[in-house]
Protein chains: 2
Amino acid sequence: MSKNCNFIEKLREVGLRPTKQRLNMCEVLFNREKTFHFTINDLVQMISEKMNQKISLATVYNTVHAFEKKGYLKEISIDSHKSYFDTNTSAHHHFFDEDTHELIDCDANDIEPVNIKKNITGKKINSVEVLIKVASDNQNQK
Amino acid sequence: MSKNCNFIEKLREVGLRPTKQRLNMCEVLFNREKTFHFTINDLVQMISEKMNQKISLATVYNTVHAFEKKGYLKEISIDSHKSYFDTNTSAHHHFFDEDTHELIDCDANDIEPVNIKKNITGKKINSVEVLIKVASDNQNQK
DNA sequence: TCAATAGTTTAGAATTATTATAATGTAGCT
DNA sequence: AGCTACATTATAATAATTCTAAACTATTGA
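The written sequence of each chain sets the order in which its residues are numbered from 1. In the order they appear in the text, chains get letters beginning with A and ligands get numbers beginning with 1. Reporting of local features is limited, given that this is a predicted model, to residues whose pLDDT is at least 70; pairs of side-chain atoms are given and counted only at 80 or more, and all residues count toward the totals for whole chains, interfaces and linings.

Draft legend 1. Summary view of the pairing of strand E5 (residues 102-106) of chain B. Note: two strands are recorded as paired if DSSP finds a minimum of 2 bridges between them. Helix and strand assignments follow DSSP, with helices taken as H or I runs no shorter than four residues and strands as E runs no shorter than two, numbered in order from the N terminus. As paired strands, strand E4 (residues 93-97) of chain B and E5(B) are joined by five bridges and run antiparallel to one another. What sits directly across from B:His94, in E5(B), is B:Asp105.

Following this line, the structure appears as structure tokens:
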């Protein structure tokens, strides 16, 4: 339950009220060792299970976006039909497994810093993201 | 009109029938100097103008996907709400202007080859894509 | 040249992901 | 306890995309 207190703190800090739903979301999202990648649908499922009752889709969308705006979650674009989110909000890159549709973090030393020689005049670089798509080695790959 | 013949050839080669609609799409897509980035909606607009009559959305979707499957177009994921396509199907990277929502090609020498030190066992790398998000330098950026 | 057929186009319906709405509920303050 | 502002909810609305089935057209071969 002490972690629960932490989540209450966390939510307060960013100006979100610690509601039952949000605390359950926190548990699912942040109470884990490793980075967690998910779609909204995944999350609705998992929270519902944890609460042992249905949570509204709208709540999950709203809250995920609130977390995102506050910098607790990061959106990742891989394919245009689904939004993936990442609990690791630091700058990092990804592998995407085209067979399983799974996202895997690269850590900083898996990949050398990307060296960009050109820049767009009057614009500043906000982010640099590398996406490495992988698939089964042997058989016919799509 | 000779370019039109080329397009007929091109389509035949990949097993697509050269219909009025597809030839107009070819004109819009491939009859240009520089790489072209577009969304389906952009394209419907432009083809309709060229034909001086409405083209069905479904036709554009079908044909874009046919071109994509045949390797004439490449899809690029930037934000999860829109699909962008690119007439440059070679491996290359992109700038995305968050102010104007414009995509800009990097050419090979704008960016040093990305050096990946980790690999996922049993998987082969299909593609490595870098997306550099840029926005106005001066004022408040989102 | 013409008809058969296999692939195409089309409008509109269906689907899916996401966002908006408006009523009801709840946290935090007094 | 009760007020107020913010949250949650079910449902409706919107947007992008895909499906469907009927009408159409390019190609082939008689």
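Let's pick the thread back up.
Draft legend 2. Layout of the sheet that holds strand E4 (residues 93-97) of chain A. In spatial order, the strands read E5(A)-E4(A)-E6(A)-E6(B)-E4(B)-E5(B); together these six strands make up an open sheet with mixed pairing. The sheet is open, and its two borders are formed by strand E5 (102-106) of chain A together with E5 of chain B, each paired with just one other strand. In this sheet, neighbouring strand axes are inclined to one another by 25° on average, regardless of whether the strands run parallel or antiparallel. Note on geometry: axes are lines fitted to C-alpha atoms, helical ones only across the stretch in contact, with angles between N-to-C directions running from 0 to 180 degrees.

Draft legend 3. Molecular detail of the domain arrangement of chain A. Each assigned domain of chain A is listed with its residue range as follows: domain 1 (2-76) and domain 2 (90-134). All domain edges in this entry derive from an automatic or database-based domain assignment. Taking only C-alpha atoms into account, the centre of domain 1 of chain A sits 25 Å from that of domain 2 of chain A.

Draft legend 4. Region of interest: the interface of chain A and chain B. Two residues qualify as a contact pair if the distance between their C-beta atoms, derived from the backbone, is within 7 Å. Counting residues at the interface gives 38 residues for chain A and 38 residues for chain B. For the side of chain A that touches chain B, the elements supplying multiple residues, two or more each, are E4, E5 and strand E6 (123-136) of chain A. Looking at the side of chain A that touches chain B, the element that brings in the most residues is E6(A), giving 14 residues. Under the grouping applied here, Gly and all other residues not named as nonpolar or charged are polar, the nonpolar ones being Ala, Val, Leu, Ile, Met, Phe, Trp, Tyr, Cys and Pro and the charged ones Asp, Glu, Lys and Arg. Looking at the side of chain A that touches chain B, its residues break down into 15 nonpolar, ten polar and 13 charged. Both E6(A) and strand E6 (residues 123-136) of chain B contribute to a ladder of 13 bridges, which runs antiparallel. Residue pairing across strands places A:Ile132 opposite B:Val128, the latter belonging to E6(B).

Draft legend 5. Examining the relation of the copies chain A and chain B more closely. Only residues with pLDDT of at least 70 in both copies count here: their C-alpha atoms drive the least-squares fit that superposes the copies. Overlay of chain A on chain B (RMSD 0.1 Å): rotation 179°, translation along the axis 0.0 Å. Both chain copies can therefore be described as sitting about a two-fold axis. The fraction of interface residues of chain A whose copies in chain B are also interface residues reaches 100%, indicating that both copies meet through the same surface.

Draft legend 6. View of the sheet that holds strand E2 (residues 74-76) of chain B. Residues and elements named next belong to chain B. Pairing in this open sheet of three strands is antiparallel, and the strands run E1-E3-E2 from one edge to the other. Bordering the open sheet on either side are strand E1 (37-38) and E2, each of which pairs with just one other strand. Pairing of E1 with strand E3 (residues 84-86) involves two bridges; the strand directions are antiparallel. Bridging across to E3, Phe38 finds its partner in Phe85.

Draft legend 7. Focus on the packing of helix H3 (residues 40-51) of chain A against helix H4 (residues 57-70) of chain A. Residue and element names in this part refer to chain A. Following both chains from N to C, one finds H3 and H4 inclined at 115°, their axes separated by 10 Å at the closest point. Remark: the crossing between H3 and H4 carries right-handed chirality. Along the contact surface, H3 presents Ile40, Leu43, Val44 and Ile47, while H4 presents Leu57, Val60, Tyr61 and Val64. Across the contact of H3 with H4, the residue classes tally to eight nonpolar, no polar and no charged. Crossing handedness: left-handed means the near helix sits turned counterclockwise from the far one by under a right angle, and right-handed means the same turn made clockwise.

Draft legend 8. Representation of the protein's contact with DNA strand D in the model. Whether a residue is near a molecule or strand depends on its C-beta atom, placed from the backbone, lying within 6 Å of it. As a structural note, the neighbourhood of DNA strand D is formed by 25 residues, with A:Thr19, A:Gln21, A:Ala58, A:Thr59 and B:Ser83 the closest of them. The set of elements that each furnish at least two residues to the surface near DNA strand D consists of helix H2 (20-30) and H4 of chain A together with helix H4 (57-69) of chain B. Considering each element in turn, the surface near DNA strand D owes the most residues, five residues, to H4(A).

Draft legend 9. Structural context of the protein's contact with DNA strand C. Close to DNA strand C lie 24 residues, the nearest being A:Ser83, B:Thr19, B:Ser56, B:Ala58 and B:Thr59. No other element matches H4(B), which puts four residues into the surface near DNA strand C. Its residues assigned to classes, the surface near DNA strand C shows eight nonpolar, ten polar and six charged.

Draft legend 10. Main features of unusual backbone geometry. Residues and elements named next belong to chain A. In the Ramachandran plot, His101 falls in the positive-phi region, its phi being about 60° despite a non-glycine side chain. Structurally, His101 is set in the loop between E4 and E5. What makes His101 exposed here is the crowd of 12 C-beta atoms within 10 Å. Put plainly, a residue is buried at 20 or more neighbouring C-beta atoms within 10 Å of its own, exposed at 12 or fewer, and partly exposed in between, counting only other residues' C-beta atoms, which are placed from the backbone.

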